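# Notes for the structure review
Below, each chain spelled out in residue letters.
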Amino acid sequence: METAIEDMGPVDYLVVEFPENRLDGEAFPLLMDLVDRGVVRVLDLAFVAKADDGTVTGIDLQELDATGDFDVTVLEGASSGLLGDDDLAEAAAALAPGAAAGVLVYENAWAAPFATALRRGGGQLVASGRVPVQALLAALDATD
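What counts and how
- Residues numbered from 1 in each chain as written.
- Predicted model: local features only at pLDDT ≥ 70, side-chain atom pairs only at ≥ 80, totals over all residues.
- Heavy atoms only, no water.
- Helix = DSSP H or I, 4+ residues; strand = E, 2+ residues; numbered from the N terminus.
- Buried < 20%, exposed > 50% of the residue type's maximum accessible area, 1.4 Å probe, protein only.
- Contact = heavy atoms within 4.5 Å.
- Pairing = 2+ DSSP bridges.
- Axes fitted to C-alpha atoms, helices over the stretch in contact; angles between N-to-C directions.
- Patch = residues over 30% accessible without salt bridge, like charges linked within 9 Å, V, L, I, M, F, W, Y side chains within 5 Å.
- Areas by Shrake-Rupley, 256 points an atom, 1.4 Å probe, with all protein chains shown as cover.
- Salt bridge = Lys/Arg side-chain N within 4 Å of Asp/Glu carboxyl O.
- Lys, Arg positive; Asp, Glu negative; His and termini not counted.
- Charge placed at Lys NZ, Arg CZ, Asp CG, Glu CD.

### A closer look at the overall build of the protein
A count of helical and extended segments in the protein gives four helices and six strands. Going from the N terminus to the C terminus, the protein shows its helices and strands as β-β-α-β-β-β-α-β-α-α. Per-residue burial over the protein gives 31% buried out of 144 residues. When contacts within the protein are restricted to residue pairs at least 6 apart in sequence, long-range pairs at least 24 apart make up 83% of them.

### Quick notes on the sheet that holds strand β6 (residues 100-107)
As summarised here, the arrangement of the four strands in space is β1-β6-β3-β4, forming an open sheet in which the pairing is antiparallel. The open sheet has two free edges, formed respectively by β1 (11-18) and β4 (56-59), since each of these has just one partner strand. Mean inter-strand twist for the sheet, computed between neighbouring axes without regard to direction, equals 25°. Across eight bridges, the pairing between strand β3 (residues 41-50) and β6 is antiparallel. Looking at the pairing, Val48 lines up with Ala101 of β6. In the packing of helix α2 (residues 85-93) onto the sheet, the strands contacted are β1, β3, β4 and β6, and the crossing angle to β3 comes to about 55°.

### Notes on a negative patch on the surface
On the surface, Asp85, Asp86, Asp87 and Glu90 cluster together to form a negatively charged patch. Topologically, Asp87 is positioned in helix α2. When its relative accessible area of 34% is taken as the criterion, Asp87 is described as partly exposed.

Shown next as structure tokens:
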């Protein structure tokens, strides 16, 4: 990796399922915009498919059943080594039969200066989490 570990922002991952092994590509230009603006840095990107019988296979970017006008191969070879076969198998376990998934590991580059300053000051992350949008909507509905 180009950036020293101590200068990195938080690293997250996500697994996005595409039912029926279809990728429409609407989100890809938005991801590339985040990369171009330095908001995130893609560390790993891989795709897996789960057959109807539960068999899991890796998908080459050129094999994706993609619609829309985008070129996902621009990220071909994005591999820091953080994402291993065990991780892909675990991601695939969450998939419905017949579905595919994109597995993305990314650095929150926007937070790197803040995270670096915290670490220099002795700060250590002890908890982290996300609030799903559905939970926010439910909480707002409950207050109405």
